Amino acid sequence: MDWTLFFSALISSTLFPGGSEALLLYRLNEGGNAVALVLIATVGNVLGSLITYAMGRLGNAAMHKKWLRISEAQSERAERWFAAYGKPALLFAWLPVVGDPLCLVAGLLRCGIVPFLILVTIGKLTRYAVLALPFI
């Protein structure tokens, strides 16, 4: 198991910056098993997103409003937006800058854990698989 890749992917999908894609490409270029490396990176990255989701889900509303400085009007607008577009948008949780906050908001707005995991996993697995295609 490539623990360095796993933890790089995990940290990259929390609110901390990271770049697991570069490490994945490096490992692939070294001749690593593409399927195994994609799965390791995906599991680590989804676990990191789950941690961010849990931060949103388990914190109380007052704490989130203080930390994130969200007004009641902004909160209501975010809830309406997430109800309309949020779940499908989780397919893009792998995107830089917006992906991590998207996972936090999904938790904050109480998105179900099963749809969250399915959509985030599909998006992240697809991203890593596309990166690995030239090495297969």
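Structure report, in brief. If you're wondering where the values come from, they're calculated on a predicted model, not measured in any experiment.

Counting its regular elements, the protein contains seven helices and zero strands. Looking at the protein as a whole, 39% of its 136 residues qualify as buried. Sequence-distant contacts in the protein: of pairs separated by 6 or more residues, those separated by 24 or more amount to 76%. Summed over its atoms, the accessible surface of the protein is roughly 7,800 Å², and 70% of this surface lies on carbon and sulfur atoms.

Turning our eyes to something else, we now look at the pattern of salt bridges. Going through the model one piece at a time under the given rule, you end up with three salt bridges. A salt bridge links arginine 27 to aspartate 2; the shortest N-O distance between them is 2.5 Å. Linking arginine 27 in helix 2 (residues 20–29) with aspartate 2 in the segment before helix 1 (3–12), this pair joins segments that are 25 residues apart in sequence. You can call aspartate 2 buried: its relative accessible area is 13%. Two residues, glutamate 30 and arginine 27, come together in a salt bridge whose shortest N-O distance is 3.8 Å. Through salt bridges with shared partners, a single ionic network connects Asp2, Arg27 and Glu30.

Before going further, it helps to examine helix 1. Looking at helix 1, one finds that the buried residues are Leu5, Phe6, Ser8, Ala9, Leu10 and Ser12. Turning to helix 1, the residues buried within the fold contact helix 2, helix 3 (34–58), helix 6 (99–108) and helix 7 (113–132). Here helix 1 starts with a cap whose side-chain oxygen sits 3.3 Å from the backbone nitrogen of threonine 4, and that cap is aspartate 2.

With that out of the way, let us pick up the packing of aromatic side chains. Describing an aromatic ring pair means giving the distance of the ring centres and the angle of the ring planes. Tallied over the full model, the rule gives two aromatic pairs. Plain terms: the ring middles of tryptophan 3 and phenylalanine 6 are 5.7 Å apart, the flat faces sit at 80° to each other, and that makes the pair edge-to-face. Separated by three residues within a single helix, tryptophan 3 and phenylalanine 6 lie in helix 1, roughly one turn from each other. We classify tryptophan 3 as partly exposed; its relative accessible area is 49%. The ring of tyrosine 128 carries arginine 127 above its face, with NZ or CZ at 4.0 Å from the centroid.

The N-to-C vectors of helix 2 and helix 3 enclose an angle of 165°; their axes lie 10 Å apart at closest approach. Taken as axis vectors, helix 2 and helix 3 run roughly antiparallel relative to one another. Regarding helix 2 and helix 3, the two cross each other, and that crossing is right-handed. Of the residues in helix 3, those in contact with Ser20, Leu24, Arg27 and Leu28 of helix 2 are Ala34, Leu37, Val38 and Asn45. Partitioned by chemical class, the residues of the contact of helix 2 with helix 3 number five nonpolar, two polar and one charged.

What counts and how
Residues numbered from 1 in each chain as written. Predicted model: local features only at pLDDT ≥ 70, side-chain atom pairs only at ≥ 80, totals over all residues. Heavy atoms only, no water. Helix = DSSP H or I, 4+ residues; strand = E, 2+ residues; numbered from the N terminus. Buried < 20%, exposed > 50% of the residue type's maximum accessible area, 1.4 Å probe, protein only. Contact = heavy atoms within 4.5 Å. Areas by Shrake-Rupley, 256 points an atom, 1.4 Å probe, with all protein chains shown as cover. Salt bridge = Lys/Arg side-chain N within 4 Å of Asp/Glu carboxyl O. Polar contact = N/O pair within 3.5 Å; in protein donor to acceptor, adjacent residues only side chain to side chain. Phe/Tyr/Trp six-rings, centres within 6.5 Å; stacked < 30°, edge-to-face > 60°. Lys NZ or Arg CZ within 6 Å of the ring centre and 35° of its normal. Axes fitted to C-alpha atoms, helices over the stretch in contact; angles between N-to-C directions. Parallel < 35°, antiparallel > 145°, perpendicular 65-115°, else oblique. Left-handed = near helix turned anticlockwise from the far one by under 90°. Nonpolar A, V, L, I, M, F, W, Y, C, P; charged D, E, K, R; others polar.

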